[in-house]
Amino acid sequence: MRGMQIGTYELNINNVVKMFSGYLQIQRINYQSNPSIQLRFPYDDNLKSKLKSESSIIGYSPRVYGDGLVSFKDNSLGATIFGIDPATEYKVTDLQKKLNAGKFFESDSTDEVVVGYKLLKNLNASIGDKVVLLAQGYDGSLGNILVRISGTVKTGSPEFDGMAIFIGLSTAQYLLGLEGNVHAVAISLQSLDQVNHLQKKLSKIIDTKYLAILPWDEVNVELKQHLQMDNISGIFFLAILIIIVAFGILNTVLMSVTERFREFGVSLSIGMPQLKLVYVVFIESIFITVIGVVFGNLIGAGINYYLVLNPIEIGGEFGDLYSEFGFLPVIISTLRLHIFVNSTLSIVGVTILSCLYPAYKVFKLEPLKGLRHT
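Our subject in this report is the structure included herewith.

Here we take up the pairing of strand β4 (residues 75-84). Bridge count between strand β3 (residues 57-72) and β4: ten bridges; the pairing is antiparallel. The partner of tyrosine 65 across the bridge, within β4, is phenylalanine 82. The pairing of β4 with strand β9 (residues 164-168) spans five bridges and is parallel. Bridging from a neighbouring strand, isoleucine 81 pairs with isoleucine 165 of β9.

Written out as structure tokens, the structure is:
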């Protein structure tokens, strides 16, 4: 159960970071809490060389963000502008793979844009139509450009697909008056395990008094909070199961001890110390626990391995509900060692606790009462 829970978390985290945010982002200090167009920084050769020097980085891509108004005929809607460089973006995210219709623009200075499929629908526009994009620039002036819709994306988040406009980085910088400056640099890695290590390394070579190096969970705060809440509920449910297991172990050990009171009474009568009988109870319980843990871990590993190779795809209304909230409708497991270690320690711990009462009963057993016990 824990493997399925953590495995599904990791799958969705990887899906979100590869969709747009990246595993790490470099931003100006305080931009995440207060995303202002003023909090930009130069994307120069010095920064590029530092990122190129890190072998664990698969790719990095600059971003420009802004708010604006998109108009088509009599329809005008608020939109969020994302300026990206298609030449580097594919190394960081799977955004181009989320293309729903049409084609993605190939140049960062083109007048073509890609919009969320819901935004296109709300504008009553079609692929190939030209729209006016209006936005406030860095210097406070209003800028506007005429762009052509070349395609749509469907990311799985209805809110995002209803407001997103992706344009070329240079075009966005021109519109917002940010020539040579960006709001973020998204970074892609091989796996989530490398995030903390790379964050520490980049903090040593990049001026952290000026720039912030944020991991995925600080960029995607809502996702982090959702996973934390779900994780707490999962741990609570597992705690209930462990308590049930504890009572099962207590019942097994107590019955085993009670059925042998006459045997223990004879042993005590011929001079065996009571403490040694307590040791016998604990040693028997440890042997049973070891056998149970070994077989349990082997069976659990086998089931988890099967689910790693054969994820469960959720269909129907539940699948649509998962997709509606931006999660993949898939349940997958993982074979991370800490899951088995934590489960083993939990069972060993409850076994020791469950043995305390039966061991106390043996310790207090009197030879004569043990002989008379039936």
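Under the definition given, this model contains nine aromatic pairs. Plain terms: the ring middles of phenylalanine 20 and phenylalanine 82 are 5.1 Å apart, the flat faces sit at 80° to each other, and that makes the pair edge-to-face. Here phenylalanine 82 lies in strand β4 and phenylalanine 20 lies in helix α1 (residues 2-21), a separation of 62 residues in the sequence. As far as burial versus exposure is concerned, phenylalanine 20 and phenylalanine 82 are alike and both buried. Ring centres of tyrosine 65 and phenylalanine 82 lie 5.7 Å apart, and the angle between their planes is 80°; on these two criteria the pair is classed as edge-to-face. Highlighted residues: tyrosine 65 in strand β3 and phenylalanine 82 in strand β4, separated in sequence by 17 residues. The pair tyrosine 65 / phenylalanine 82 is uniform in exposure class, with both members buried. Among the aromatic residues, those joined into a cluster by ring pairs are Phe20, Tyr31, Tyr65, Phe82, Phe160 and Phe166. For the cation-ring pair, arginine 63 lies above phenylalanine 20, with the distance from its terminal atom to the ring centre recorded as 4.0 Å. We note lysine 154 situated over the ring of tyrosine 117; from NZ or CZ to the ring centre the distance is 5.2 Å.

A separate point is the pattern of salt bridges. In the structure shown here, the tally under the stated rule is seven salt bridges. A salt bridge links arginine 336 to glutamate 10; the shortest N-O distance between them is 2.4 Å. Placement of the pair is arginine 336 in the loop between β14 (330-331) and α13 (337-363) and glutamate 10 in helix α1, with a sequence separation of 326 residues. The residue lysine 201 makes a salt bridge to glutamate 54 at a minimum N-O spacing of 3.0 Å. Of the two residues, lysine 201 sits in helix α7 (residues 195-205) while glutamate 54 sits in the loop between α2 (45-52) and β3, which places them 147 residues apart along the sequence.

This next bit is on the layout of surface pockets. As a volume, the largest pocket reaches approximately 1400 Å³. In terms of lining, the largest pocket is formed by 34 residues, of which the most central are Phe160, Met163, Val219, Asn220 and Glu222. Of all the secondary-structure elements, those providing two or more residues to the lining of the largest pocket are α1, β1 (24-28), β3, β4, α5 (158-161) and α9 (221-258). The class makeup of the residues in the lining of the largest pocket is 16 nonpolar, 15 polar and three charged. Within this model, the second largest pocket holds a volume of roughly 1000 Å³. As for the second largest pocket, its lining consists of 35 residues, and the residues nearest its centre are Leu238, Ile242, Ser343, Thr344 and Ile347.

Moving on to the pairing of strand β6 (residues 112-116). The buried fraction of β6 amounts to five of the five residues, a majority that puts the element mostly inside the structure. One ladder, built from five bridges, connects β6 with strand β8 (residues 142-153); its direction is parallel. Paired with valine 114 across the bridge in β8 is glycine 151. Where β6 and β9 come together, three bridges link them in antiparallel fashion.

Mapped onto the elements of the fold, serine 354 is located in helix α13. A distance of 2.6 Å separates a polar side-chain atom of serine 354 from the backbone oxygen of valine 350.

The next thing to look at is the nonpolar core. Ile26, Leu51, Ile165, Val185 and Ile187 are the most contacted members of the largest nonpolar core, which totals 52 residues. With five residues, β3 is the largest single contributor of residues to this core. With near-sequence residues (within four places) excluded, isoleucine 187 lies in contact with Gly22, Tyr23, Leu24, Ile26, Leu51, Ile57, Gly59, Tyr60, Val92, Leu198 and Leu202.

Basis of the calculations
- Residues numbered from 1 in each chain as written.
- Predicted model: local features only at pLDDT ≥ 70, side-chain atom pairs only at ≥ 80, totals over all residues.
- Heavy atoms only, no water.
- Pairing = 2+ DSSP bridges.
- Helix = DSSP H or I, 4+ residues; strand = E, 2+ residues; numbered from the N terminus.
- Phe/Tyr/Trp six-rings, centres within 6.5 Å; stacked < 30°, edge-to-face > 60°.
- Buried < 20%, exposed > 50% of the residue type's maximum accessible area, 1.4 Å probe, protein only.
- Lys NZ or Arg CZ within 6 Å of the ring centre and 35° of its normal.
- Salt bridge = Lys/Arg side-chain N within 4 Å of Asp/Glu carboxyl O.
- 1 Å grid on protein atoms, 1.4 Å probe; cavity = no way out; pocket = protein on both sides within 12 Å on 5 of 7 lines; lining within 4 Å.
- Points joined across faces, edges and corners; volume = space filled by probe spheres on them.
- Nonpolar A, V, L, I, M, F, W, Y, C, P; charged D, E, K, R; others polar.
- Polar contact = N/O pair within 3.5 Å; in protein donor to acceptor, adjacent residues only side chain to side chain.
- Core = buried A, V, L, I, M, F, W, Y, C linked by side-chain atoms within 4.5 Å.
- Contact = heavy atoms within 4.5 Å.

It is worth stressing that arrangement in space is one thing and function is another; only the former is reported here.
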